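One-letter residues, chain by chain:
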Amino acid sequence: MQATFDSDKRKLLSSLCHGAIFFSTALFSIGVPIVINLLSDDPVVKSNAKESINFHFNVWFWATVIGVPLAVLSWLTFGLGGIIFFPVVALGFALHWGLTIWAIFHCLSQPDEPFRYPFTFRIF
């Protein structure tokens, strides 16, 4: 017997999973997809929640790998490094937000297909 799932609920929960990354300055943003993954029985929503959790880890990982050396360089050069590498930081934010917006639009336009972020390592 095949279960049917509410398309509007699927759109909302999947979009919430991916949109939670916009609160990434607060560590509780990863809690949204974790809770949705635990409470939902919809396989597409669960897949989107896991993908969002993986994307959180990717954003945090690359922000640390790139941000810490840039911060040290900026401190060592009395702020000059921060000015020079501002385009790198801006590109990181544009990529982070662009991929998230793409994921939300995908969830709203194709609710029966889970979204997969390109170029991410997946733990879950």
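Our subject is the structure that appears above.
Residues numbered from 1 in each chain as written. Predicted model: local features only at pLDDT ≥ 70, side-chain atom pairs only at ≥ 80, totals over all residues. Heavy atoms only, no water.

**A short note on the pattern of salt bridges**
Following the criterion strictly, the structure yields 4 salt bridges and no others. Note that Arg10 and Asp112 form a salt bridge whose closest N and O atoms lie 2.7 Å from each other. Note that Arg10 is positioned in helix H1 (residues 7-19) and Asp112 in the segment after helix H5 (86-109), a separation of 102 residues in sequence. A residue is classified by how much of its surface remains accessible, and Arg10, at 8% relative accessible area, is buried. Glu51 is the salt-bridge partner of Arg116, the closest N and O atoms lying 3.7 Å from each other. With Arg116 in the segment after H5 and Glu51 in helix H3 (residues 43-76), this pair connects stretches of sequence that are 65 residues apart. A single salt-bridge network, built from bridges that share partners, covers Arg10, Asp42 and Asp112. (Salt bridge = Lys/Arg side-chain N within 4 Å of Asp/Glu carboxyl O. Helix = DSSP H or I, 4+ residues; strand = E, 2+ residues; numbered from the N terminus. Buried < 20%, exposed > 50% of the residue type's maximum accessible area, 1.4 Å probe, protein only.)

**Regarding the packing of helix H2 (residues 31-39) against H3**
Viewed as axis vectors pointing N to C, H2 and H3 meet at an angle of 155°, and their least axial separation amounts to 9 Å. Taken together, the axis directions place H2 and H3 in an arrangement best described as roughly antiparallel. As H2 packs across H3, the resulting crossing turns out to be left-handed. Two secondary-structure elements touch here, H2 through Pro33, Ile34, Ile36 and Asn37 and H3 through Val45, Lys46, Ala49, Lys50, Ser52, Ile53 and His56. Its residues placed into classes, the contact of H2 with H3 shows 6 nonpolar, 3 polar and 2 charged. (Axes fitted to C-alpha atoms, helices over the stretch in contact; angles between N-to-C directions. Parallel < 35°, antiparallel > 145°, perpendicular 65-115°, else oblique. Left-handed = near helix turned anticlockwise from the far one by under 90°. Contact = heavy atoms within 4.5 Å. Nonpolar A, V, L, I, M, F, W, Y, C, P; charged D, E, K, R; others polar.)

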